[in-house]
Amino acid sequence: MNNLHSYPNMEFASGHSFEEVEEHIFIRAAQAGFAGVFITGISSISQDIKLISNFPGEFISAYCRHKYFLHDPVLHHCALHHKPVTWHDSYSASLMTKETRSLHQLSLASGIEHCLAVPTFTNKGAGVVNLFFRGAREDFLQLCTGKYAELIGLSQLFFGELSKNYPEKLFMQFKLTNRERECLQFIVKGLSNLEISRLMNVSRDRVKELVSLILKKLEAANRTEAVMIAAKNGAL
């Protein structure tokens, strides 16, 4: 395996298209010793998923079609913990429901047995980078143990680049109007309805209406929860 520190500054060059960044991620993962990458944002309210992956097509197709992400113990772990976990350990520690067993069987049938899931975070939201290793379990564990810190850094680099420049590829986008998004930004700053109405040049009743629409679309009980949901799901 190539030394992870051989990559110049561990950064992506600016001005590249999404397709170029995606290919660069796949190449870097391969250089690090992994056969595939599966990156997604973690949403607290979405019933759908956005992802970037070069995992076997039959796995990704079934994963999305059957909405296995709603029952994925790996995503559940990464939503609650900051520590990386292997898929094997995640399945072993989870309550094996019918859906979880089906997902596990799907991964094995697709040749995906050894994976490291790394929780990742940016100001756009949280996510997980899954690194797929093709080989013996002993070699996989040795790689994860020997390059633990570097793999966390590499995963954060991948997620950071994507969430910064292509958040729509990782997070389901809330269907807010331009005025609702503008109002949300003022809510984030902690402004009152009166202050927002002056800045947006609308009536206080109109601000109340916008706030109500934002809470409804984000399924939030109040302003504070709306900000938290928006931040967690890459809407800010």
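Below or above, wherever it landed, is the structure these notes cover. (Residues numbered from 1 in each chain as written. Predicted model: local features only at pLDDT ≥ 70, side-chain atom pairs only at ≥ 80, totals over all residues. Heavy atoms only, no water.)

## Some thoughts on helix H5 (residues 98-109)
Given a rise of 1.5 Å per residue, twelve residues ought to cover 16 Å, and the 16 Å separating the end C-alpha atoms of H5 matches this to within 8%. Among the residues of H5, those classed as buried are Thr100, Leu103, Leu106 and Ser107. The arc that holds every buried residue of H5, seen down its axis, measures 120°, which confines them to one face. Facing away from the buried side of H5 by more than 90 degrees, the exposed set consists of Lys98, Gln105 and Ala109. (Helix = DSSP H or I, 4+ residues; strand = E, 2+ residues; numbered from the N terminus. Expected span 1.5 Å × (residues − 1). Buried < 20%, exposed > 50% of the residue type's maximum accessible area, 1.4 Å probe, protein only. Arc of directions from axis to C-beta.)

## Quick notes on the side chain of Thr86
Within the secondary structure, Thr86 is located in strand S3 (residues 85-86). The contacts of Thr86, once residues within four sequence positions are left out, are Cys115, Leu116 and Phe140. (Contact = heavy atoms within 4.5 Å.)

## What about the sheet that holds strand S5 (residues 125-133)?
Within the open sheet, the five strands sit side by side as S2-S1-S5-S4-S3. Their pairing is antiparallel. Unpaired on one side and paired on the other, strand S2 (51-53) and S3 mark the two borders of the sheet. Where S3 and strand S4 (residues 114-122) come together, two bridges link them in antiparallel fashion. By the bridge assignment, Val85 is partnered in S4 with Ala117. (Pairing = 2+ DSSP bridges.)

## Some details on the packing of helix H1 (residues 18-31) against helix H7 (residues 148-165)
Look at H1 against H7: their axes get within 11 Å of each other, and the N-to-C directions meet at 175°. Relative to H7, the element H1 is oriented roughly antiparallel. For the pair formed by H1 and H7, the contact residues are Phe18, Val21, Ile25, Arg28 and Ala29 on the first element and Leu154, Leu157, Phe158, Glu161 and Leu162 on the second. Grouping the amino acids of the contact of H1 with H7 by side-chain chemistry returns eight nonpolar, no polar and two charged. (Axes fitted to C-alpha atoms, helices over the stretch in contact; angles between N-to-C directions. Parallel < 35°, antiparallel > 145°, perpendicular 65-115°, else oblique. Nonpolar A, V, L, I, M, F, W, Y, C, P; charged D, E, K, R; others polar.)

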